[in-house]
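Single-letter residue listing:
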Amino acid sequence: MPRRGLLRSVPPVHAQPQQLMAAIAAGDLDAFGELYDRFASAVHGAALQVLRDPARAEEVTQEVFLEAWRGAAQYRSERGGLRTWLVLIAHRRAIDVVRSVEASRAREERAARRELHEVPGPEADLVTAAEWADVRHCLEGLTPLQLESVTLAYYDGFTYPEIAAHMGRPLSTIKTRMRDGLARLRDCLEEA
Amino acid sequence: MNAHDPDVHSLLGPYLLHALEPAERAAFEEHLTACASCREEVAELRPAVAALSDRPSPPPAGLREQIISRAAETRSVRRSPRRRLRVAAVAAAVLLAVGGGIVATQRGDDRMTAADVFAAADVRTHDMPTKMGAVRLGMSHELHMVAVDGRALTDPGAGMAYEVWWSANGRATSVAMFQETESVVVPMREGELQITMEPMAGSDAPTSPPLLAMPAASL
């Protein structure tokens, strides 16, 4: 059994995502702690933004990290950085929770209360304020149809057929606006 | 819509935004395995999707410890490659040594299962009652292995598992761990085969009296 505690006073630092995930896949709890310390705020923030319920966001955060613990061997760095990987797992889980606990009508009301260009979420802290300003700026560069298709799906958990029905547009339009909206967002963020 | 429908390709945007129902999501993921350009586009757009979530918010302070202790609980039995690999390596070495390894090595991997041992031509099986239920042991001289089938045992309790030891000259060496739904194979040795209940992370030496103790000569 590996000895823990006193004999290891300096925690290992895994600079590369692959190294960190390989250590976690081998059952290294210190490496897992490092993963948590680096990304817990990002994961929790992503869940809270969709759920707006601290208890549920905490649950999702726990599920995401335990999924990373069990699935560390499946991580492939070419599919994107660790932050992207974890944040998208958190988002998807949060959307699953919203769909199962919050009726579609409640989500419609909440979406309707939001101003078109308002993006929900906890108040940005100072560190990320600049980065978030870029995201907001780039969202504002989308066409109204792109913006609404993207935000109704991503922040309110609607499926694309629900959005098409809500907006009275063909399914193909919504699918296309989501895809070209994301492409425009990517281009804008790359310039920023 | 299925993975071969030309229209499935148009689901890329909703897929990235997590705006698909499970059936369409599965169809698109199947499509992805066959479509290299889609995989590339998904990989390119993913960081932009994640940026939509980029509002860090620290979780409550107690969560770290809670998550790490949950991870520690699930570590050993389900994911202790070290311990299992050690058993597999010993098994492979034994097979080479006795020259009887043809059966196992022709399988393309060196992991022998309990079923292999129970299926051996010379297997001797023993159904052993314990206070946690019955354990079936199977020993093959040919394979030089012992199978321990724990599927009739009861749940050892939260955070606990069964550990298998070979004990000789007053010293017990851990050879495998398993849960009540599992069976394991361990190499044949001198001494006494023992099974105890231990915390899932495994113990350096038995911490409870053996549920079962079987001399190698009786196997």
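Residues numbered from 1 in each chain as written. Chains lettered and ligands numbered in written order. Predicted model: local features only at pLDDT ≥ 70, side-chain atom pairs only at ≥ 80, totals over all residues. Heavy atoms only, no water.

## Focus on the sheet that holds strand β5 (residues 171-178) of chain B
Note: strands within a sheet are paired through backbone hydrogen bonds, in either parallel or antiparallel orientation. All names here are of chain B. What the four strands build is an open sheet, ordered β5-β4-β7-β8; its pairing is antiparallel. Pairing within the sheet leaves two strands with one partner each, and these edge strands are β5 and β8 (212-215). Averaged over all pairs of adjacent strands, the angle between strand axes in this sheet comes to 30°, irrespective of strand direction. Two elements, strand β7 (residues 192-199) and β8, share four bridges in a ladder whose sense is antiparallel. In the sheet register, isoleucine 195 faces β8, and the bridge partner there is leucine 212. (Pairing = 2+ DSSP bridges. Helix = DSSP H or I, 4+ residues; strand = E, 2+ residues; numbered from the N terminus. Axes fitted to C-alpha atoms, helices over the stretch in contact; angles between N-to-C directions.)

## Comments concerning the pairing of strand β1 (residues 124-130) of chain B
Across seven bridges, β1(B) lies against strand β2 (residues 133-140) of chain B in antiparallel orientation. Residue pairing in the sheet places B:Asp127 in a bridge with B:Arg136 of β2(B).

## Thoughts on the packing of helix α9 (residues 171-191) of chain A against helix α3 (residues 36-51) of chain B
Orientation of α9(A) relative to α3(B), taken along the N-to-C sense of each, is 75°, at an axis distance of 9 Å. One element, α9(A), and the other, α3(B), form an angle in the roughly perpendicular class. The residues of α3(B) that touch α9(A), namely those facing A:Arg179, A:Leu182, A:Ala183, A:Leu185, A:Arg186 and A:Leu189, are B:Glu41, B:Glu44, B:Leu45, B:Ala48, B:Val49 and B:Ala51. (Parallel < 35°, antiparallel > 145°, perpendicular 65-115°, else oblique. Contact = heavy atoms within 4.5 Å.)

## Side note on the confidence of the model for chain A
Residue and element names in this part refer to chain A. With 82% of its residues at a pLDDT of at least 70, chain A reaches an overall mean of 83. When mean pLDDT is compared element by element in chain A, α9 scores highest at 96, while helix α5 (residues 104-113) scores lowest at 74. Taken as a whole, residues 1-12 scores under 50 in pLDDT and shows 14 contacts with residues more than four places along the chain or in a different chain. Confidence over residues 121-127 falls short of pLDDT 50; this stretch has ten contacts with residues more than four positions distant or in other chains. (pLDDT = per-residue confidence, 0-100.)

## Description of the pattern of salt bridges
For the structure on display, the rule yields 15 salt bridges over all chains. Of the charged contacts in the structure, one is a salt bridge between B:Glu44 and A:Arg186, with a shortest N-O distance of 3.0 Å. In this pair, B:Glu44 sits in helix α3 while A:Arg186 sits in helix α9, so the two residues belong to two different chains. On the basis of relative accessible area, B:Glu44 is assigned to the partly exposed category, the value being 43%. A relative accessible area of 17% places A:Arg186 in the buried class. B:Asp127 is the partner of B:Arg136 in a salt bridge, and the nearest nitrogen-oxygen pair spans 2.8 Å. Exposure remark for B:Arg136: the relative accessible area of 37% places this residue in the partly exposed category. (Salt bridge = Lys/Arg side-chain N within 4 Å of Asp/Glu carboxyl O. Buried < 20%, exposed > 50% of the residue type's maximum accessible area, 1.4 Å probe, protein only.)

## Digging into the interface of chain B and chain A
Taken together, the contact pairs 50 residues of chain B with 64 residues of chain A. For the pair chain B and chain A, the summed buried surface comes to about 5,300 Å²; carbon and sulfur atoms form 58% of the total. Our count for the chain B to chain A interface comes out at five salt bridges. Ionic pairing is found between B:Asp7 and A:Lys175, a salt bridge with its closest N-O pair at 3.6 Å. Scanning the region where chain B abuts chain A turns up 19 residue pairs in polar contact (both at pLDDT 80 or more). Listing elements by their share of the side of chain B that touches chain A, those giving two or more residues are α1 (12-16), α2 (22-34), α3, α4 (63-73) and α5 (81-98) of chain B. Ranked by the residues each element gives to the side of chain B that touches chain A, the list is headed by α3(B), at nine residues. (Buried area = accessible area lost by both parts, 1.4 Å probe. Polar contact = N/O pair within 3.5 Å; in protein donor to acceptor, adjacent residues only side chain to side chain.)

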